[in-house]
Amino acid sequence: MSIFKVLEKSIENFSDQLSDKKGDILKGSEFMLFALTNIFRDKDLEEIEQGIVDSSYRGTKYDFGIDAIYITASNDFIEQPEELEDYNEDTKFKIHIFQFKRGTGISQADLLKFKKGIQKVLIDESLSDEDNLYFYNRMLVLNEIKSKLFSDLPAENIHVINHIVFGGIESNIHSEKILTDEIEDIEKALKDNGYTTTACKITDCEALIKGPSKHQFIIDIIEYEKTFKYITDTDKKNKLNGYISIISGKEIAELVKKHQSSIFEANIRDYFKRSDLNSKIIETSSSEEEAKYFWSYNNGLTMTCSKVEELPNNKYKLHNLQIVNGCQTSNAIYSSLKNKERIAELLEKKANGGLNKKETEELTKKEVLQFNEDTSLLVKIIETNNEDLIYRITETTNSQTPIKAFSLKANDDIQKLIEKFLEDYGVAYERRINELRNKGKKNIYSIQKLFQLFTSQILLKPSQVKTRPKMMFVSTYDDVFPAPNVKSINYLLYYIPILIDLSLNKAIKKYRAENEIDNYRKTLLSYGKFHLGCFLLSSIVKKDYSEKGLIKKESHIKKEIEDNLDSHFENALDNFEKVMKTFAGNKKESIPSAVRKTDLDKRIAKYVKNVK
């Protein structure tokens, strides 16, 4: 069997998402979804779908050779400008632009169209709502994010990746000068217009078949001052080895600078909540007298990795590195090092012409809080391939905090109970990323997605959970998923938002297929799905919109969805439009920013509580 046929057999059937597509449009859409779910393997399909702007997929006129577009930071999708506050000045941001071709070849015409599209979208910013309303609306927000990035960060921290994804062989493109010239022209056009870090990435048939590794592993080298090894087993499957080391604080700060939040994916400590302690850590790591004792004062860090390579000159090469305890300490030392770098900049400026008032105040404030080279940490490195053990290590080393982060929820008792409960209702609830997807399951709901649906429909905070999902998850996780021994909650309150979401997806697809929709409503459907879920539920239960009322009305909700979904959906959309126009006016351009405002949540809560 040829490699091309292997790819064709590998392409999954996305029948639920593509039930309205036929012929070549269906084939192209299948390839696009297959490729994107392989490239962004840890993302939900619904998250991925938000970035698709392909005209055939969206049923619009033009896409100018661009089929999907995303902005990422540390592998996270950035969908709202407010999310940028979760990252610092060393974060690497990427603008991903995709062109997909299911066939085995790429033509010069394809690349010319791609180049013109990039020019129109990223350089001229001349996209029209009449060309492709979904694309236009998406770029309204992405341009706002992009503008903020270029205002606040050096251009070299913003990478533009032009993805050419096709079903052929990459070497065939490189063998044709006419094609390589066009690729070089794409990169040159972006660089000439201020996008200093840009590249074209080709993903071909072989890359799509193999797919990316299960996780995006971090591999890095650290230098230690002292170390003690505890080797229990060298067997790859069963090994559990320990390395207790004294490591320079600068080494840790550089890891944070290089890898950002990716290095804390498995860490459950909430760094943002302890600014008082962060200040003390910075003070100690900056003190002439105290820095040399830092390793003895501080609890240190715990790292996990799948493999330790011992290198010359007191160095370890760590594979699949994660800091599972010590996020707070690591970030505080990183801040201390940043202060030192900033002080050097200010002193140089002072010597060459002077500082303004604001810079003088900054110099005075940070001069006593700059990293001292004597700072070292006690670091416990655990080498194991046992994922369950890593979860357990992370839980126990972070037992002093009740707040959990995304990747650790799988082990919570409540998550296991929710999984069992939803299984009985036919819902595929994925506690661990890709666990169910790898088994071929469809219509999967992740912990993060359930958190957003519950917060939207039960707590009536759709704008807030849309705008700052990551920060809100960290700060209110226990409100949504309380430990069973702390607070009893009826698990129907987790099932009902999923039922509403599934029904909403079905109703939106049918409504789009059967109706001529004006641009205001199209924009509402693009940006206000969390909000619309509240109105749909309200249309069904009316005055019983409360936790007790929803539990009592479970059978009624199911029956109304089966018998009267279309009428409830249209009623919900009518009411959402009325509330939005009262709140933000009649212009569709006001919708993307309006749906991010907390005051809109208050309006929605007031509306649903007054329905008779």
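This text follows the structure it describes.
Because the structure is a prediction, the values reported are computed rather than measured.

Chemist: Please explain the overall build of the chain as it appears in this structure.
Modeler: If you tally the helices and strands in the chain, you get 26 helices and 15 strands. Taking 25 Å as the expected radius of gyration for a compact globule of 612 residues, we find that the chain reaches 26 Å, a close match to that expectation. Expressed along its principal axes, the backbone C-alpha trace of the chain runs to roughly 70 × 65 × 60 Å. Sorting the 612 residues of the chain into buried and exposed places 53% on the buried side. The contacts in the chain between residues at least 6 apart in sequence include a share of 73% that link residues at least 24 apart. Roughly 28600 Å² of accessible area belongs to the chain as shown, and the carbon and sulfur atoms make up 48% of that amount.

Chemist: Before we go on, may I ask you to explain the packing of helix α17 (residues 447-457) against helix α22 (residues 529-541) in this structure?
Modeler: Think of two packed helices as two axes; the pair is described by the angle between the axes and how far apart they sit. Put simply, α17 and α22 touch, their axes get as near as 9 Å, and they point 55° apart. Judged by the angle between their axes, α17 and α22 are oblique. Relative to α22, α17 is oriented so that their crossing is right-handed. Contact with α17, carried on its side by K449, Q452, L453, S456 and Q457, involves F530, G533, C534 and L537 of α22 and no other residues of that element.

Chemist: Sorry, what's going on with unusual backbone geometry here?
Modeler: Trans peptide bonds make up the majority, and among non-glycine residues the majority have a negative phi. Backbone geometry at N313 places phi at a positive 60°, although glycine is not the residue there. Here N313 shows up in the loop between β10 (307-311) and β11 (315-319). A relative accessible area of 63% places N313 in the exposed class. Residues other than glycine seldom take positive phi values, yet N320 does so here, at roughly 55°. Tracing the backbone through its elements, the reader meets N320 in the loop between β11 and β12 (322-325).

Chemist: Please clarify how the sheet that holds strand β2 (residues 76-77) should be interpreted in this entry.
Modeler: Strands belonging to one sheet form pairs held by backbone hydrogen bonds; the direction of such a pair is parallel or antiparallel. Spatially, β2-β1-β3-β4-β5 is the arrangement adopted by the 5 strands of the open sheet, whose pairing is mixed. Looking at the sheet topology across the chains shown, the edges are occupied by β2 and β5 (197-203). Inspection of the sheet shows strand β1 (residues 68-73) paired to β2 by 2 bridges, in the antiparallel sense. Bridging across to β2, A73 finds its partner in D76. Helix α5 (residues 108-124) contacts β1, β3 (93-101) and β4 (158-166) of the sheet and is inclined by roughly 145° relative to β3.

Chemist: Please explain the nonpolar core as it appears in this structure.
Modeler: Burial of nonpolar side chains together is a common tendency in soluble globular proteins. With 103 residues, the main nonpolar core has F481, Y494 and I557 as its most contacted residues. For this core, the element with the most residues is helix α20 (residues 492-514), which contributes 12 residues. Setting aside anything within four residues of it in sequence, one finds I557 in contact with I496, L499, I500, L537, I540, V541 and L550.

Chemist: Please explain the sheet that holds strand β8 (residues 240-248) as it appears in this structure.
Modeler: Across the sheet, 5 strands lie side by side as β7-β8-β13-β9-β12; this open sheet has mixed pairing. Where the open sheet ends on each side, the last strands, each with one partner, are β7 (226-230) and β12. Each strand axis lies, on average, 25° off the axis of its neighbour in the sheet, ignoring direction. One ladder, built from 5 bridges, connects β7 with β8; its direction is antiparallel. The partner of K226 across the bridge, within β8, is I246. Lying over the sheet, helix α10 (residues 249-259) contacts β8, β9 (301-305) and β13 (376-384), oriented at roughly 105° with respect to β8. Docked against the sheet, helix α13 (residues 327-351) engages β9, β12 and β13, running at close to 120° with respect to β12.

Chemist: Is there a simple way to explain the state of the cysteines in this structure?
Modeler: Throughout this description, disulfide means a covalent bond between two cysteine sulfur atoms. By the definition in use, this model includes 0 disulfides. C305 carries a free sulfur, and the closest cysteine sulfur to it, the one in C327, is 19 Å from it. A relative accessible area of 1% means that C305 is categorised as buried.

Chemist: Sorry if this is basic, but what is going on with α22 here?
Modeler: For an α-helix, 3.6 residues make a turn, and residues three or four places apart therefore share a direction. Look at α22: 19 Å from first C-alpha to last across 13 residues, which is about the 18 Å you get at 1.5 Å a residue. Counting buried positions along α22 yields 13 of 13 residues, so the element is predominantly enclosed. Just downstream of α22 lies K542, where phi reads positive at about 50°.

Chemist: What am I meant to see in a negative patch on the surface here?
Modeler: Negative charge collects at one region of the surface, where E288, E289, E290 and D374 lie side by side. Judged by relative accessible area, E290 falls into the partly exposed class, the value being 31%.

Chemist: How should I be thinking about the packing of α22 against helix α26 (residues 598-609) in this particular structure?
Modeler: In contact at an axis separation of 10 Å, α22 and α26 are set at 5° when each is read in the N-to-C sense. Regarding the angle of α22 to α26, the classification is roughly parallel. Where α22 abuts α26, its residues H531, C534, F535 and S538 lie against L600, I604, Y607 and V608. Along the lines of polarity and charge, the residues of the contact of α22 with α26 split into 6 nonpolar, 2 polar and no charged.

Chemist: So what exactly am I meant to see when it comes to the pattern of salt bridges here?
Modeler: Any two side chains of opposite charge can pair, given that their charged atoms come close. Within the structure shown, the criterion is met by 43 salt bridges. Residue R596 pairs with E144 through a salt bridge whose shortest N-O separation is 3.1 Å. On the criterion of sequence distance, the pair formed by R596 in the loop between α25 (591-594) and α26 and E144 in helix α6 (residues 133-152) is long-range, its members being 452 residues apart. When its relative accessible area of 37% is taken as the criterion, E144 is described as partly exposed. Among the salt bridges present, the one from E341 reaches K338, with a minimum N-O distance of 3.6 Å. With E341 and K338 both in helix α13 and 3 residues apart, the pair spans about one turn of that helix. On the basis of relative accessibility, which here comes to 18%, the residue K338 falls in the buried class. If you follow the salt bridges from partner to partner, you end up with E46, K449, D501 and K529 in one network.

Reading the values: the criteria
Along each chain, residues carry numbers from 1 onward, in the same order as the chain's sequence is written. Given that this is a predicted model, residues contribute local features only at a pLDDT of at least 70 and side-chain atom pairs are listed and counted only at 80 or more, while totals for whole chains, interfaces and linings are drawn from all residues. Computation of side-chain values covers all heavy atoms of the structure but excludes hydrogens and water. By definition, any uninterrupted DSSP run of H or I lasting at least four residues is a helix, any uninterrupted run of E lasting at least two residues is a strand, and each is numbered from the N terminus. Taken over C-alpha atoms, the radius of gyration is set against a globule rule of 2.2 Å times the number of residues to the power 0.38. When accessible area is computed with a 1.4 Å probe and restricted to protein chains, residues below 20% of their type maximum are described as buried, those above 50% as exposed, and intermediate ones as partly exposed. Should any heavy atoms of two residues lie within 4.5 Å, those residues are counted as being in contact. Throughout, the Shrake-Rupley method with a 1.4 Å probe supplies accessible areas, and for residues the shown protein chains are the sole cover considered. Only the stretch in contact is used when a helix axis is fitted, and all axes are lines through C-alpha atoms; the angle between N-to-C directions ranges over 0 to 180 degrees. Each angle receives one of four descriptions, namely roughly parallel if under 35 degrees, roughly antiparallel if over 145, roughly perpendicular if within 65 to 115, and oblique otherwise. Left-handed describes a crossing in which the near helix is turned anticlockwise from the far one by less than a right angle; the clockwise case is right-handed. Should DSSP find at least two bridges between two strands, the strands are taken to pair. The nonpolar core is taken to be a set of buried Ala, Val, Leu, Ile, Met, Phe, Trp, Tyr and Cys residues, with the residues joined through side-chain atoms within 4.5 Å. Whenever a pair of cysteine sulfur atoms sits within 2.5 Å, that pair is classed as a disulfide. Expected span of a helix, by definition, is 1.5 Å for each gap between consecutive residues, and there is one gap fewer than residues. Patch membership is restricted to residues that have no salt bridge and whose relative accessible area is over 30%. Joining uses 9 Å for like charges and 5 Å for the nonpolar side chains Val, Leu, Ile, Met, Phe, Trp and Tyr. Within this document, salt bridges are pairs made up of a side-chain nitrogen of Lys or Arg and a carboxyl oxygen of Asp or Glu, the two lying within 4 Å of each other. Neither His nor the chain ends is counted toward charge; the positive residues are Lys and Arg and the negative residues Asp and Glu. To locate a charge, take NZ of a lysine, CZ of an arginine, CG of an aspartate or CD of a glutamate. Residues are sorted three ways: Asp, Glu, Lys and Arg are charged, Ala, Val, Leu, Ile, Met, Phe, Trp, Tyr, Cys and Pro are nonpolar, and all the rest, Gly among them, are polar.

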